[in-house]
Amino acid sequence: MPVARPESSDSRTRIIAHVDLDCFYVQVEQRKQPELRGLPTAVVQYNEWKGGALIAVSYEARKLGVNRHMRGDDAKEVCPQIHLVQVPVARGKADLNTYRNAGSEVVAILARKGRCERASIDEVYLDLTDSAEAMLRETPPESLESINEESRKSHILGLKSEDANDAQENVSKWLRRSDANHQDKLLACGALIVSELRMEVLKETQFTCSAGIAHNKMLAKLVSGMNKPAQQTVVPSSSVKGLLESLPIKKMKQLGGKLGTSLQTDLGVNTVGDLLQFSEEKLQERFGINTGTWLWSIARGINGEEVQGRLLPKSHGAGKSFPGPRALKTIASVQHWLNQLCDELNERICCDLDQNKRIAHTFTVYASAYKSFDSESYKKFPSKSCPLRYGTAKIQEDAFNLFQAGLREYIGSHGVKTLGHHHNGWGITSLSISASKIVAIPSGTGSITKYFHGQYTSPSSKETQDSFVNEAMPLSPSGSESYSELEPTDQLLPENNVPCLGLQEQKRIPWKDQDSSCSSTVQTKDGSGKGASPSLPSGSGCCSLVNQTGSQGASRVDSTMPTLERHKRKIKPSDKGTILKFLKSYNLSCSTPMQENVEMVKGSQSPSCSSLEVNQAELPRRSLAECSTNDGSNNLDQNAQRAWNYKIDEIDHSIVNELPSEIQDEIRVWLQARQQPSMVKRPSIIKRGSIAHYFSPDRNT
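Residues numbered from 1 in each chain as written. Predicted model: local features only at pLDDT ≥ 70, side-chain atom pairs only at ≥ 80, totals over all residues. Heavy atoms only, no water.

### Examining the packing of helix 14 (residues 331-356) against helix 15 (residues 392-411)
Phase 1 of the analysis: Where helix 14 meets helix 15, the closest approach of the two axes is 8 Å, and the angle between their N-to-C directions is 135°. On the basis of their axis angle, the class for helix 14 and helix 15 is oblique. As helix 14 runs across helix 15, the sense of the crossing is right-handed. Residues I331, V334, Q335, L338, N339, C342, D343, N346 and I349 of helix 14 lie in contact with helix 15, whose contacting residues are T392, I395, Q396, A399, F400, F403 and L407.
Phase 2 of the analysis: Counted by class, the contact of helix 14 with helix 15 contains 10 nonpolar, 5 polar and 1 charged residues. (Axes fitted to C-alpha atoms, helices over the stretch in contact; angles between N-to-C directions. Helix = DSSP H or I, 4+ residues; strand = E, 2+ residues; numbered from the N terminus. Parallel < 35°, antiparallel > 145°, perpendicular 65-115°, else oblique. Left-handed = near helix turned anticlockwise from the far one by under 90°. Contact = heavy atoms within 4.5 Å. Nonpolar A, V, L, I, M, F, W, Y, C, P; charged D, E, K, R; others polar.)

Following this line, the structure appears as structure tokens:
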């Protein structure tokens, strides 16, 4: 139901324009085929039945009796010389990308002058208040020697003229009035700005457009289509009552459905002006407080809705209809079309991610269906949602699971999973999917896994975007019937999995499958050894990480490991902000270099190697036995000195914000403590929740 939005204190002086492209689909096709300009033309939807449905008709064809309710064959009967152009086809359905991109060209031009809200593929709202006020201060219309021709063609509601020549002259005089009130002067500035924008659109895109200029969105939308094509209409405050008084109630936005019908049947309201006879209390009593107030307001031309300043769509969707005998009646046919729609959706959200640095979080499947034995069931198919996972195969899997959950709920049966099985009594008349809750990737956001790589990667790079998507998107359970209740934060990584290794399906590698050179033990309190293996991405052959907490192993490492305070060197500026780069610079002399572990993080297949031991108190520590050279000499001090020489004051503290929240506080405390070495006492065992524990394979034990 509509919700009333009260007007702000400055709403009467706002200048809002609604720009509507003329026969947009036809204009796009005529730009591709200039020989069609000026000829009766129509664009037809992809459909083999009776020549396809018309989705756009040129004004030349309209004059000859063609309208959008016809099909291609009907249009040819009425207008034999009409040119029918079919929309591009991809994946067995209409491909509208050409039109979306053309619309974006227009939006980019219109946004130069004010806050811009893209309402549809060919409609845009503009808030020109600031631009109009600036013009009124600097170059008011009354100071202009002449008004350009496009502005003189404007239609001013309430301004009457004898003929066309007089009309343009009267418009010019109205725009340049020196005795006009502040509101009308701002409207005059808005009219001049919009006419300039429309000329720029025509020059740069070859598209014509019409516009409405008023003090709010509702009025601007109402009048933008009054004078087409390539014209604009202005609504002074004094003309609002006359505009609405005779306007059919069904012409008003949000009153074309049940609410408008209820007004006609229950209250006898046929025009918007008829609403003036009812008090606000009466309308609230009949339709509720919000809707009643909204009806009372629109009857008086009051609308407080603001231009949202949105250049990009709030969601992406793909759908297809299957009317009449073309209804889908098998699971296999539904899955086929879901796969096609998912392929299209994945292409669009990936393009959005690449071009606009935005990521979608919620995936929803909608359908319309019928049951032959239930006449009231039409279009009651439940929609289902789940967290969105990027990748065609993943989206297809989730879409099919969501559809099956909805179908089970719709028909009250649990036997619908057999592919290709024909279920009598139901049919799907439309399918659609959407990706919503699209938000911009925060500036500077990147994956923590980049710190395991050899070089810092720019957050704007494609690799970092993909890594961000993989880490941001939770795993979605297959076959779950509670998808509609899931939010992106409901699906978390399993505790046993290393959180920074991506979101591919992870498996715990059995200890017995490890190469003998990788075997090691976790020392328990009683000295017994027990095999342990971390959770790693499936298919990654690598060394196992082992925690040594036994007293013997700990004392042996502590006795030889140089302290951080004894070895310091100046870090190059390029090294700042890479906390875990020390892991890479800590060059291992074991049979496996650190680079192999870096490749393991990237998901590559690494050969078997000796184990990399990580002490729970100090991540980069190793035992002396594993780090000796061939001649028996110990090179641990040399390697450790090269790894841990640094200047604590030159570490970039802002990088801490990119670490997982559960370890940020610990890192900050650690950095602060290192600046006061005399007050620090190194603990022999770091408690659960430390950074070492975060990367530990048995953090959940």
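### Quick word on the sheet that holds strand 10 (residues 209-214)
Phase 1 of the analysis: Taking strand neighbours across the sheet as the criterion, the 6 strands line up as 7-8-1-10-11-9 in an open arrangement whose pairing is mixed. Of all strands in the sheet, those with a lone pairing partner are strand 7 (115-120) and strand 9 (155-156), marking the two edges.
Phase 2 of the analysis: In this structure, strand 1 (residues 16-21) lies alongside strand 10, joined through 6 bridges in antiparallel fashion. In the sheet register, L21 faces strand 10, and the bridge partner there is C209.
Phase 3 of the analysis: Helix 4 (residues 97-110) contacts strand 1, strand 7 and strand 8 (123-127) of the sheet and is inclined by roughly 155° relative to strand 7.
Phase 4 of the analysis: This element, helix 8 (residues 182-205), spans strand 1, strand 8, strand 10 and strand 11 (232-234) of the sheet and lies at about 165° to strand 10. (Pairing = 2+ DSSP bridges.)

### Digging into the sheet that holds strand 16 (residues 426-436)
Phase 1 of the analysis: Taken in spatial order, the 4 strands make up an open sheet running 12-16-14-15, and their pairing is antiparallel. For this open sheet the edge positions go to strand 12 (316-321) and strand 15 (384-387), each flanked by a neighbour on one side alone. Geometrically, the sheet is characterised by an average inter-axis angle of 15° between neighbouring strands, direction not taken into account.
Phase 2 of the analysis: Pairing geometry for strand 12 and strand 16, over 6 bridges, is antiparallel.

### Comments concerning helix 4
Phase 1 of the analysis: Over its 14 residues, helix 4 runs 20 Å from end to end, which matches the ideal 20 Å to within 8%, given 1.5 Å per residue.
Phase 2 of the analysis: When we look at burial in helix 4, the residues that qualify are Y99, A102, G103, V106, V107, I109 and L110. Along the axis of helix 4, the buried positions cluster into a sector of 160°, meaning they face one direction only.
Phase 3 of the analysis: Where the residues of helix 4 are buried, they touch strand 1, helix 1 (24-32), strand 2 (41-44), strand 7, strand 8 and helix 8. (Expected span 1.5 Å × (residues − 1). Buried < 20%, exposed > 50% of the residue type's maximum accessible area, 1.4 Å probe, protein only. Arc of directions from axis to C-beta.)

### Some thoughts on the pairing of strand 7
Phase 1 of the analysis: Pairing between strand 7 and strand 8: 5 bridges, direction antiparallel. Across the sheet, residue S120 finds its bridge partner in strand 8, namely E123.
Phase 2 of the analysis: Taking the residues between adjacent antiparallel strands as the criterion, strand 7 and strand 8 are bridged by 2 residues.

### Comments concerning helix 7 (residues 164-175)
Phase 1 of the analysis: With 12 residues, helix 7 extends 17 Å from end C-alpha to end C-alpha; this agrees with the ideal 16 Å at 1.5 Å per step.
Phase 2 of the analysis: V171, S172, W174 and L175 are the residues of helix 7 that are buried. End-on view of helix 7: buried residues confined to an arc of 165°, all on one side of the axis. Exposed residues lying more than 90 degrees from the buried face of helix 7 are N165 and K173.
Phase 3 of the analysis: In this structure, the buried side of helix 7 is in contact with helix 6 (149-152), strand 9, helix 8 and strand 11.

### Some remarks on the packing of aromatic side chains
Phase 1 of the analysis: Enumeration according to the criterion identifies 6 aromatic pairs in this entry.
Phase 2 of the analysis: On the numbers, 5.7 Å between centres and 85° between planes, the contact of F24 with F207 is edge-to-face. Placement of F24 in helix 1 and of F207 in the loop between helix 8 and strand 10 is noted, with a sequence separation of 183 residues between them. A single burial state applies to F24 and to F207, both of which are buried.
Phase 3 of the analysis: Ring plane angle 40° and centroid distance 5.4 Å describe the contact between F381 and Y410, whose orientation is recorded as tilted. Residue F381 is found in the loop between strand 14 (362-371) and strand 15, and its partner Y410 is found in helix 15; the two are separated by 29 residues along the sequence.
Phase 4 of the analysis: Look at F381 and you get buried, because its relative accessible area is 9%.
Phase 5 of the analysis: Each member of the aromatic cluster is reached from another via a ring pair, and the members are F24, Y25, Y99 and F207.
Phase 6 of the analysis: A cation sits over an aromatic face here: R286 above F287, 4.9 Å from the ring centre.
Phase 7 of the analysis: Directly above the ring of Y410 sits K371, whose terminal nitrogen or CZ lies 4.9 Å from the centroid. (Phe/Tyr/Trp six-rings, centres within 6.5 Å; stacked < 30°, edge-to-face > 60°. Lys NZ or Arg CZ within 6 Å of the ring centre and 35° of its normal.)

### Observations concerning the environment of V234
Phase 1 of the analysis: The topology assignment puts V234 in strand 11.
Phase 2 of the analysis: Among the residues examined, V234 registers a relative accessible area of 0% and is labelled buried.
Phase 3 of the analysis: Sequence separation between V234 and A188 is 46 residues; the distance between their C-alpha atoms is 8.5 Å.
Phase 4 of the analysis: Excluding residues that lie within four positions of it along the chain, V234 makes contacts with H155, I156, L157, W174, L187, A191 and I213.

### Digging into the nonpolar core
Phase 1 of the analysis: Ranked by internal contacts, the top residues of the largest apolar core, which has 47 residues, are V43, L110, L126, L175 and F207.
Phase 2 of the analysis: Ranked by the residues each element gives to this core, the list is headed by helix 8, at 10 residues.
Phase 3 of the analysis: Setting aside chain neighbours within four positions, we find L175 in contact with P141, I147, S151, A188, A191 and L192.
Phase 4 of the analysis: Grouped together as the second largest cluster of nonpolar side chains are 36 residues, L328, I359, A369 and I441 included. (Core = buried A, V, L, I, M, F, W, Y, C linked by side-chain atoms within 4.5 Å.)

### Here we look at the confidence of the model for the chain
Phase 1 of the analysis: The pLDDT averaged across the chain works out to 74; a share of 62% of its residues lies at or above 70.
Phase 2 of the analysis: Counting contacts from residues 454-461, a segment whose pLDDT is below 50, to residues more than four positions away or on other chains yields 13 contacts. (pLDDT = per-residue confidence, 0-100.)

### Comments concerning a negative patch on the surface
Phase 1 of the analysis: Negative charge collects at one region of the surface, where E162, D163, D166 and E169 lie side by side.
Phase 2 of the analysis: Tracing the sequence through the fold places D166 in helix 7.
Phase 3 of the analysis: In this structure D166 comes out as partly exposed when scored by relative accessible area, which is 33%. (Patch = residues over 30% accessible without salt bridge, like charges linked within 9 Å, V, L, I, M, F, W, Y side chains within 5 Å. Areas by Shrake-Rupley, 256 points an atom, 1.4 Å probe, with all protein chains shown as cover. Salt bridge = Lys/Arg side-chain N within 4 Å of Asp/Glu carboxyl O. Lys, Arg positive; Asp, Glu negative; His and termini not counted. Charge placed at Lys NZ, Arg CZ, Asp CG, Glu CD.)

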